[in-house]
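# Inside the fold
One-letter residues, chain by chain:
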Amino acid sequence: MTAFTTILMGWAMTMLLSGGAVAQGIYTCTDAKGRKITSDRAIAECMDRTQHEINPSGTVRRVIGPALTAPEHAAIEEKERAAAEARVAAGEDKRRDRALLLRYPNRQAHDAERTQALTQVEEGSKVANKKMLELAEQRKQISAELEFYKRDSSKTPPPLRRRVEENDSNVAIQKRFVADQDAERRRVNQRFDTELVKLKQLWPQMGVSATAGPDLKK
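This write-up is about the structure you can find in this document. (Residues numbered from 1 in each chain as written. Predicted model: local features only at pLDDT ≥ 70, side-chain atom pairs only at ≥ 80, totals over all residues. Heavy atoms only, no water.)

For the rest of this paragraph, the subject is the pairing of strand β2 (residues 36-39). With four bridges connecting them, strand β1 (residues 26-30) and β2 associate as antiparallel partners. Among the inter-strand pairings, Thr-30 is bridged to a residue of β2, identified as Lys-36. Hairpin connection, β1 to β2: the antiparallel pair is bridged by five residues, and Gly-34 has positive phi, about 85°. (Pairing = 2+ DSSP bridges. Helix = DSSP H or I, 4+ residues; strand = E, 2+ residues; numbered from the N terminus.)

Below is the structure:
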């Protein structure tokens, strides 16, 4: 019989004779000096190494790893945080995929909405281009009136000067609007192109054909 077994049996007998319930095990480890240590609680001398909690029967209840340093704790917490964020992100991706499939169950639905969005942009551009033509006609009339004051522009009446300024300002506004519509057209196509890449991966999973339709870009 080993010394450790003798200690264990003695400890268990003491607990029985004292009427205590043998519920808690004893801890054992080998410290830095090679000494075998046992205790009824976690052993401070072995906080930097593995300890074993032993049942009264002599079997190992659990193995307690060495205490972690502050940097080790921080590394574990960071790893757990990153894993939690990854799980959340994966869940968000799945929800977005489901929403995308509900909105566009097939290629035809996606193409139709792209066409509708681009049509709205084109309508805005048409209105702006029509306004630009009207402003160009106004400028012709203004220029004709300015011819009378060509020799001495200082004699140009204030109302005519204001018309020139207003025309210039309105032309600048319409040019910015047309530029904005061009940017919006690119944004719409980029959005639908990005969605289409994802949908081409999702549709086959749902048994839907991902065959490319006509090119609807303008």
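There is more to say, and it comes next.
This next bit is on the packing of aromatic side chains. Across all of its chains, the model carries one aromatic pair by this definition. Seen in terms of ring centroids, Phe-148 and Tyr-149 are 5.1 Å apart; in terms of plane orientation they differ by 85°. Their pairing is edge-to-face. Judged by its relative accessible area of 22%, Tyr-149 falls in the partly exposed class. Above the ring of Phe-192, the side-chain terminus of Arg-191 is found at 4.3 Å from the ring centroid. (Phe/Tyr/Trp six-rings, centres within 6.5 Å; stacked < 30°, edge-to-face > 60°. Buried < 20%, exposed > 50% of the residue type's maximum accessible area, 1.4 Å probe, protein only. Lys NZ or Arg CZ within 6 Å of the ring centre and 35° of its normal.)

Moving on, we come to the pattern of salt bridges. Counted according to the given criterion, the structure contains 22 salt bridges. Among the ionic pairs, Glu-53 bridges to Arg-61, the shortest N-O distance being 3.1 Å. Residue Glu-184 is joined to Arg-187 by a salt bridge in which the shortest nitrogen-to-oxygen separation is 2.8 Å. Of this pair, Glu-184 and Arg-187 both sit in helix α4 (residues 158-202), separated by three residues, roughly a single helical turn. Take Glu-184: its relative accessible area is 27%, and that puts it in the partly exposed class. (Salt bridge = Lys/Arg side-chain N within 4 Å of Asp/Glu carboxyl O.)

The next subject is the nonpolar core. Of all hydrophobic cores here, the largest spans twelve residues; its members are Leu-100, Leu-101, Tyr-104, Ala-117, Leu-118, Val-121, Val-188, Phe-192, Leu-196, Leu-199, Leu-202 and Trp-203. For this core, the elements supplying multiple residues, two or more each, are α2 (70-103), α3 (107-146) and α4. The next biggest cluster of nonpolar side chains, apart from the first, holds five residues, and it includes Tyr-27, Ile-37, Ile-43 and Cys-46. (Core = buried A, V, L, I, M, F, W, Y, C linked by side-chain atoms within 4.5 Å.)

This brings us to the packing of α3 against α4. For the pair α3 and α4, the least separation of the axes is 9 Å and the interaxial angle reads 165°. As judged from the angle between their axes, α3 and α4 are roughly antiparallel. Of the two elements, α3 crosses α4, and the hand of that crossing is left-handed. Looking at side-chain class alone, the contact of α3 with α4 contains 17 nonpolar, eleven polar and 16 charged residues. (Axes fitted to C-alpha atoms, helices over the stretch in contact; angles between N-to-C directions. Parallel < 35°, antiparallel > 145°, perpendicular 65-115°, else oblique. Left-handed = near helix turned anticlockwise from the far one by under 90°. Nonpolar A, V, L, I, M, F, W, Y, C, P; charged D, E, K, R; others polar.)

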